[in-house]
Amino acid sequence: MNLVLDELTAASPEAGNACSLENYLTLPDHTMDARIAAARAKLGTTTLLLGHHYQRDEVIRFADFTGDSYKLSEAASQTDAKYIVFCGVHFMAESADVLGHDGQQVILPDLNAGCSMADMAEISQVEACWEAIERLGLADETIPLTYMNSTAAIKAFCGEHGGLVCTSSNARRAFEWAFARGKRILFLPDQHLGRNTGYAMGIPLDEMAVWDPWGLQGGQSKDKLAASRILLWKGHCSVHQRFLPSHVDQVRAKYPGIQVIVHPECRWEVCQKADALGSTERLIALVEQAPEGSMFAVGTEIHLVNRMAKRFAAENKRIITLDDTGCLCTTMYRISPQHLAWVLENLVEGRVVNRIQVRPSVKHWARVALDRMLEA
Ligand code: 13P
Ligand code: SF4
């Protein structure tokens, strides 16, 4: 879990006075509902509660606004609320802090809610990669592009080196933006989203190279790097990488006519077999738009799949998970109703706990990279 404090984040100084979190953690979930609702009501429009689609039902039901990473970053950039309580993971809260106005404060209910994919690229490794690319004389023609699921320092690196940020809902547009300015993309940190996006644009797999941050010169020869149009950082999402092509074959054999829809963080082999790919928001929209009686196997985090199954059952649409062992994002799960009640009740008392703050020098270039995404 990436909580390197140099770049970014600190609990606010007031945190020392806060009602103790330990007093909340022993209480049962259901006892939090009334307390969260009462604190929300008292805070009124001073506070915007954002909820990512992977949040638990007990938490997301209190969100003012739900969405995928793109929608939530837009909401954070447009609100005038003084406090943004982000029920999601660390990189999302950081992006909200970068995009927010002066005087706004972003709160992550549990500071341990990170993202294992974002942790697979550290800024020092990215700088070392770039130095190697420079030494090979390839930097001038390479545009660094990072997935939203990365630290603010990496977003800043991309901003400062002529690149940008993307999410799973606008990756293709960001690739087009980058290819209009360079011959090659260095894509961080999710190899699968990079490979799936590039391939869908007609770039063959043999014009992509995986950059292994632990290997000498990324584990690649100069010729291979120079011939590649996309350098894919060797990172992945442990939740989505669990879906396999055999899962697609199994659901198709068991349920003839089923449609398979998956998140583009899934492996290329899975995406090739799927009927459609999409961000969390898009996966929901695909089912919304389908006729009554449709059946879908969905390859994404289990809380979202279960919620879709409940919601769409009323419209006679059947949703199952692509892998019935269920793929849980344990870090999203860390945001519990107890953590949410704790941050909100502290806010009611005038105390800000678990504030996420990106350092001003990092913020500037991270903002440039995020603005390029929002404008692309
Ligand atoms: P979305 O932007 O599609 O919501 O994805 C975020 C994420 O972390 C998926 O694992
Ligand atoms: Fe990160 Fe994967 Fe969880 Fe998304 S599902 S937040 S990429 S670990």
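Everything below is about the structure printed above this text.
The notes below deal with the structure included here. Everything numeric here is computed off the predicted structure, so don't read it as measured data.

Before going further, it helps to spend a moment on the overall build of the chain. When its secondary structure is counted, the chain shows 16 helices and 14 strands. Taking 2.2 N^0.38 as the reference for a compact globule, 376 residues should give roughly 21 Å; the C-alpha atoms of the chain span a radius of gyration of 21 Å, in line with that estimate. If you line up the chain on its principal axes, its C-alpha atoms span 60 × 55 × 35 Å. Expressed as a percentage of its 376 residues, the buried residues of the chain come to 59%. Summed over its atoms, the accessible surface of the chain is roughly 15100 Å², and 50% of this surface lies on carbon and sulfur atoms. Seen as two clouds, the 37 positive and the 45 negative side-chain charges of the chain have centres 3 Å apart.

Throughout the structure, instances matching the rule amount to 4 aromatic pairs. Ring centres of Phe175 and Phe187 lie 5.4 Å apart, and the angle between their planes is 50°; on these two criteria the pair is classed as tilted. Taken together, the residues span a long stretch of sequence, with Phe175 in helix α8 (residues 171-179) and Phe187 in strand β7 (residues 184-188) at a distance of 12 residues. Here Phe175 falls in the buried class, since its relative accessible area comes to 0%. Taken together, the aromatic side chains of Phe175, Phe179 and Phe187 make up a single cluster linked through ring pairs. Of note, Arg56 hangs over the ring of Tyr333, and the distance from its end group to the ring centre comes to 3.7 Å. The ring centre of Trp177 lies 3.8 Å from the NZ or CZ of Arg181, which sits over that ring.

Tracing the backbone through its elements, the reader meets His303 in helix α14 (residues 302-313). His303 sits in the buried class, given a relative accessible area of 17%. With residues up to four places along the chain from it excluded, the contact list for His303 reads Tyr54, Gln55, Arg56, Leu328 and Tyr333.

Looking now at the nonpolar core. Counting residues in hydrophobic clusters, the biggest one holds 112 residues, and the most contacted among them are Val85, Phe187, Leu322, Leu340 and Leu344. Residues within four places of Phe187 in sequence aside, it is in contact with Leu145, Tyr147, Cys166, Phe175, Leu193, Gly194, Ile230, Leu231, Leu232 and Trp233.

This next bit is on helix α5 (residues 90-99). Of all 10 residues in α5, 10 are buried; the element is thus mostly enclosed. Among all positions in α5, only His90, Phe91, Met92, Ala93, Glu94, Ser95, Ala96, Asp97, Val98 and Leu99 are buried.

Turning next to helix α6 (residues 123-135). Its 13 residues place the ends of α6 18 Å apart at the C-alpha level, agreeing with the 18 Å of an ideal helix rising 1.5 Å per residue. Listed as buried for α6 are Gln125, Val126, Cys129, Trp130, Ala132 and Ile133. Buried residues of α6, viewed axially, fall in a sector of 160°; they line one side. Where α6 is buried, its residues meet β5 (142-147), α7 (152-160), β7, β8 (208-211) and β9 (230-233). Directly beyond the C-terminal end of α6, a positive phi value near 75° is found at Gly137.

Thresholds applied
- Residues numbered from 1 in each chain as written.
- Chains lettered and ligands numbered in written order.
- Predicted model: local features only at pLDDT ≥ 70, side-chain atom pairs only at ≥ 80, totals over all residues.
- Heavy atoms only, no water.
- Helix = DSSP H or I, 4+ residues; strand = E, 2+ residues; numbered from the N terminus.
- Rg over C-alpha atoms; globule rule 2.2 N^0.38 Å.
- Buried < 20%, exposed > 50% of the residue type's maximum accessible area, 1.4 Å probe, protein only.
- Areas by Shrake-Rupley, 256 points an atom, 1.4 Å probe, with all protein chains shown as cover.
- Lys, Arg positive; Asp, Glu negative; His and termini not counted.
- Charge placed at Lys NZ, Arg CZ, Asp CG, Glu CD.
- Phe/Tyr/Trp six-rings, centres within 6.5 Å; stacked < 30°, edge-to-face > 60°.
- Lys NZ or Arg CZ within 6 Å of the ring centre and 35° of its normal.
- Contact = heavy atoms within 4.5 Å.
- Core = buried A, V, L, I, M, F, W, Y, C linked by side-chain atoms within 4.5 Å.
- Expected span 1.5 Å × (residues − 1).
- Arc of directions from axis to C-beta.

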